[in-house]
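# Structural overview for review
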Amino acid sequence: MAAVVYVLDQVSKFLVVEFLEHEEPLTVVPGALVLTVIRNAGAAFSIGTGMTIVFTVIALAVVVAIVRTARKLHSLPWAITLGLLLGGAVGNLTDRIFRWPAPFQGHVVDFIQVFPVTRFPVFNLADSGIVCGGVLAVFLAWRGYQIDGTRQTDKPEPVEDRGRSHAESEADTQGAEPARERTDG
């Protein structure tokens, strides 16, 4: 997944720089999708444009953390999630390391503008991978899916019930007397 995101990101950036940079924005779907090339020195939404080297170091740390975490990976949904995050991080990191104006201070190529009337920030496929991976990570964590392939549930099974089947536990629960309310006084 990381390789797919990375290759798509780099190929798309090459093509838009080659054919669309210094050209008028290309309207693909009127009012919904425009391709326009910008160079982003900052982070998402052009925040911190003077801190390019800091973002490069952070991106390197994220890549190292994902690669280290991947060694414990035994879950397909988490593999997809980490692949999206890693491919996106490496895609933008490649820009920061190798693009103008200097090594490790390069500006990221952004070119996708959705719903231009809303002034939504221009982004790229690496950004899309990062956002989709982040959303998926939150969803998986919320649902209790672990990187090691296990699933954490809200109600742990009582120790004495672990050897019994679900049907036996259900039968005991249905035959139990309802709890009585306590009334004082």
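Just so it is clear, the structure is predicted and the values come from calculations on it, not from any experiment. (Residues numbered from 1 in each chain as written. Predicted model: local features only at pLDDT ≥ 70, side-chain atom pairs only at ≥ 80, totals over all residues. Heavy atoms only, no water.)

### Things to note about the sheet that holds strand β1 (residues 26-29)
Strand order in this open sheet of three strands is β1-β2-β3, and the pairing throughout is antiparallel. The sheet terminates laterally at β1 and β3 (108-114), the two strands that pair on one side only. Mean inter-strand twist for the sheet, computed between neighbouring axes without regard to direction, equals 35 degrees. Across the sheet, helix α1 (residues 2-19) touches β2 (33-40) and β3, and the angle it forms with β3 is around 85 degrees. (Pairing = 2+ DSSP bridges. Helix = DSSP H or I, 4+ residues; strand = E, 2+ residues; numbered from the N terminus. Axes fitted to C-alpha atoms, helices over the stretch in contact; angles between N-to-C directions. Contact = heavy atoms within 4.5 Å.)

### Topic: a nonpolar patch on the surface
Among the surface-exposed residues, Met51, Ile53, Val54, Val57, Ile58, Leu60, Val62 and Phe104 lie close enough to one another that they form a single nonpolar patch of about 640 Å² accessible area. By the element assignment, Phe104 lies in the loop between α3 (76-98) and β3. In this structure Phe104 comes out as partly exposed when scored by relative accessible area, which is 37%. (Patch = residues over 30% accessible without salt bridge, like charges linked within 9 Å, V, L, I, M, F, W, Y side chains within 5 Å. Areas by Shrake-Rupley, 256 points an atom, 1.4 Å probe, with all protein chains shown as cover. Salt bridge = Lys/Arg side-chain N within 4 Å of Asp/Glu carboxyl O. Buried < 20%, exposed > 50% of the residue type's maximum accessible area, 1.4 Å probe, protein only.)

### Brief notes about the confidence of the model for the protein chain
Overall, the prediction assigns the protein chain a mean pLDDT of 86, with 81% of residues at 70 or greater. Helix α5 (residues 166-175) is the least confidently modelled element of the protein chain, averaging 55 in pLDDT, while α1 averages 98, the highest of any element. (pLDDT = per-residue confidence, 0-100.)

### Structural notes on the packing of aromatic side chains
Any aromatic ring pair is given by two values, namely how distant the centres are and how the planes are angled relative to each other. This structure, assessed with the given rule, holds two aromatic pairs. Relative to Phe123, the ring of Phe120 has its centre 6.2 Å away and its plane inclined at 90 degrees; by these criteria the two rings are edge-to-face. On the basis of relative accessibility, which here comes to 18%, the residue Phe123 falls in the buried class. Over the face of the ring belonging to Trp142 we find Arg143, whose NZ or CZ atom lies 5.5 Å from the ring centre. (Phe/Tyr/Trp six-rings, centres within 6.5 Å; stacked < 30°, edge-to-face > 60°. Lys NZ or Arg CZ within 6 Å of the ring centre and 35° of its normal.)

### Overview of the nonpolar core
In terms of nonpolar packing, the biggest core is built from twelve residues, these being Ala59, Val63, Ile66, Trp78, Leu82, Leu85, Leu86, Ala89, Leu93, Ile97, Ala137 and Leu140. Among the elements of the structure, α2 (52-70), α3 and α4 (125-142) are those that each provide at least two residues to this core. When residues of this core are assigned to their parent elements, the largest contribution, seven residues, is made by α3. Once residues within four sequence positions are removed from consideration, Trp78 is found in contact with Leu73, Ala137, Leu140, Ala141, Tyr145, Gln146 and Ile147. (Core = buried A, V, L, I, M, F, W, Y, C linked by side-chain atoms within 4.5 Å.)

### As for the packing of α3 against α4
Each pair of packed helices can be described by the angle between their axes along with the distance between the axes. Look at α3 against α4: their axes get within 7 Å of each other, and the N-to-C directions meet at 150 degrees. With respect to their mutual orientation, α3 and α4 come out roughly antiparallel. For the crossing formed where α3 meets α4, the hand is left-handed. Seen from α3, the contacting residues are Pro77, Trp78, Ile80, Thr81, Leu84, Leu85, Gly88, Ala89, Gly91 and Asn92; seen from α4, they are Ala126, Asp127, Gly129, Ile130, Cys132, Gly133, Gly134, Leu136, Ala137, Leu140 and Ala141. Here the residues of the contact of α3 with α4 are counted per class, giving 13 nonpolar, seven polar and one charged. (Parallel < 35°, antiparallel > 145°, perpendicular 65-115°, else oblique. Left-handed = near helix turned anticlockwise from the far one by under 90°. Nonpolar A, V, L, I, M, F, W, Y, C, P; charged D, E, K, R; others polar.)

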